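If you want the building blocks of each chain, they are given just below.
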Amino acid sequence: MLAVLALTAATTVAPAPAPDFTRLVEAVSPVVVNISAVGVVPVDEEPSGSSDQPPLEPPIPFDESSGSGVIIGADGWILTNNHVVAGASEVLVRLADRRELSARIVGTDPASDLALLKVEASKLPVAKIGDPTKLKPGEWVLAIGAPFGFEYSATAGIVSAKGRSVGSEQYVPYIQTDVAVNPGNSGGPLINLRGEVVGLNSQIFSSTGTYNGISFAVPIDLAMEVVGQLRKSGRVVRGWLGLNIQDVTRDLADSFGMSRPAGALVRGLATAGPAAKAGIQVGDVILEYDAKPLRRSEELPPLVGRTAPGKKVVIKVLRGGKPVTLNAVVGELPLPAPAPVERRIAPTDDKLGLAVRDLNAGERTALEVAEGGAMVEAVLEGPAADAGLAEGDVLLRVGPALIASAAQFGELMAALPAGRTVAVLVLRDGQTQFLPLRMPMP
């Protein structure tokens, strides 16, 4: 017993004392600016969801008429969020020495929520740029900004996670923190204990529109890449493969014969897009992109987006339980957005609690399903309901097999062994997704 206690004591990690932020705030504050944008039309930030238990709102901009920024060039270059200045007829920048200067919007990038401003000034203090790839969850970070108009307010916390995909902005691997940020903090710097800017505070996850314990920052390395393109051409060019993907759940991994969930499951392809030309197929699980292994699906879009169009990349996928290596030439992300996706799939059986039928000509035209598929007419209690299938879904594929008709779907399901989990590709509300359907036991 004494030996066990001794071992426990020897392996206990003593908590580190909280750092003294006073010198850090004093050193970094001069590179932070307050931004006022005139003529901005606010966006609707009304939370959605049930009234009895409202869900957390998807990440929302902090404020549409004021915010913060950080000086990245001694001759007047300032980085902030796009939503702070978008649609503004006039932008004013207030420096730490109380000077107020008119700013020109050099360029904006809504996809990363970044904007580059220029003021006529010289010999300004400049932020030290850090390396966000070296950040670790649990590391102390500091935010400086103007929440609710209170300029040069400092708040501190830790890095909660990295590589977060939030909202519809798939090209930013956000840094998640528990640093208190609120309206007016938008565009202000996230700083490590060395006084280096590692991110730009951008969004919150909230049911009220104010801080609820989760905030997100754009990694500064990505931001500086965007700055380089905005200074050069006023716009940002991103790589594109033409993929519609989803995460691999435990049940889907089991259906694909994977030992654990990993990678990005392809649920749709842009017609004649780079991925389709490279031979990627719906149902492939992308395990590696350009020599970078993928643990989760959200890791793929930022990697593709930061790839220069025209570059040749090697993509490793799992197909039919076997590894396949493909070569793709990355295209340029169309503006305003690529048009998804190619579709295919289908299932039916009383044992599943599922009734399906063939699609009619009008449904094929409206749903853009040229051939095959089966329409779900009813879902009763049973495996189909457990899998998340719903009336109106179009079943396009079971595992690697495309569904030619409702009858063929029944044949495919009847051939599967009891207890087997199979990935079913479903078309719903114009989007395709895989659902894990487990065959019932006898």
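You'll find the structure just up there.
Everything quoted here is computed from the prediction, not taken from an experiment.

Each value, and the rule that gives it
Residues numbered from 1 in each chain as written. Predicted model: local features only at pLDDT ≥ 70, side-chain atom pairs only at ≥ 80, totals over all residues. Heavy atoms only, no water. Helix = DSSP H or I, 4+ residues; strand = E, 2+ residues; numbered from the N terminus. Contact = heavy atoms within 4.5 Å. Polar contact = N/O pair within 3.5 Å; in protein donor to acceptor, adjacent residues only side chain to side chain. Pairing = 2+ DSSP bridges. Axes fitted to C-alpha atoms, helices over the stretch in contact; angles between N-to-C directions. Phe/Tyr/Trp six-rings, centres within 6.5 Å; stacked < 30°, edge-to-face > 60°. Buried < 20%, exposed > 50% of the residue type's maximum accessible area, 1.4 Å probe, protein only. Expected span 1.5 Å × (residues − 1). Arc of directions from axis to C-beta. Salt bridge = Lys/Arg side-chain N within 4 Å of Asp/Glu carboxyl O.

Caption draft 1: Quick peek at the environment of Asn81. Tracing the backbone shows Asn81 in the loop between β4 (77-80) and α3 (82-85). Separated by 107 residues in sequence, Asn81 and Gly188 have C-alpha atoms that sit 8.5 Å apart. Non-local contacts of Asn81, meaning those with residues more than four positions away in its chain, are made with Asp113, Leu114, Ala115, Ser186, Gly187, Leu200, Asn201 and Ser202. Within the structure, Asn81 has its side chain in polar contact with the backbone oxygen of Asp113 (distance 2.9 Å). One polar contact links the side chain of Asn81 to the main-chain amide nitrogen of Gly187, over a distance of 2.8 Å.

Caption draft 2: Fine view of the sheet that holds β4. Strands sit in the order β1-β3-β4-β7-β6-β5 around a closed barrel of six strands; the barrel is antiparallel. Averaged over all adjacent pairs, the angle separating strand axes in this sheet is 40 degrees, with direction ignored. Sheet topology note: the strand β3 (residues 66-73)/β4 ladder contains three bridges and is antiparallel. Looking across to β4, one finds that Ile71 is bridged to Ile78.

Caption draft 3: Representation of the packing of aromatic side chains within the structure. Tallied over the full model, the rule gives three aromatic pairs. Between the aromatic rings of Phe21 and Trp140, the centroid separation amounts to 5.7 Å while the plane-to-plane angle is 65 degrees, which identifies the pairing as edge-to-face. Residue Phe21 is found in the loop between α1 (2-11) and α2 (22-28), and its partner Trp140 is found in strand β9 (residues 140-145); the two are separated by 119 residues along the sequence. Phe21 gets classed as buried once you look at its relative accessible area, which sits at 17%. Ring centres of Tyr174 and Phe216 lie 6.1 Å apart, and the angle between their planes is 70 degrees; this geometry places the pair in the edge-to-face category. Remark: Phe216 occurs in strand β14 (residues 215-219) and Tyr174 occurs in strand β11 (residues 169-177); sequence separation between them is 42 residues.

Caption draft 4: Just helix α4 (residues 220-233), in detail. For α4, which comprises 14 residues, the first-to-last C-alpha distance of 20 Å matches the rise-based estimate of 20 Å (1.5 Å per residue) to within 8%. Within α4 the residues assigned to the buried category are Ile220, Leu222, Ala223, Val226, Val227 and Leu230. Viewed end-on, α4 has its buried residues packed into an arc of 150 degrees, placing them on one side of the element. Remark: Gly234 follows α4 within two positions and exhibits a positive phi of approximately 80 degrees.

Caption draft 5: Geometry of the pattern of salt bridges. Inspection of every chain in the model, using the stated rule, returns 18 salt bridges. Here Arg319 and Asp284 are joined by a salt bridge, their closest N and O atoms 2.8 Å apart. With Arg319 in strand β20 (residues 312-319) and Asp284 in the loop between α6 (274-278) and β18 (285-289), the pair connects residues that are 35 residues apart, well separated along the chain. Salt-bridge contacts for Arg357 lead to Glu363; the nearest nitrogen and oxygen are separated by 2.6 Å. One connected set of salt bridges, linked through shared partners, spans Arg94, Arg98, Glu100 and Glu151.

Shape descriptors only; they carry no functional weight alone.
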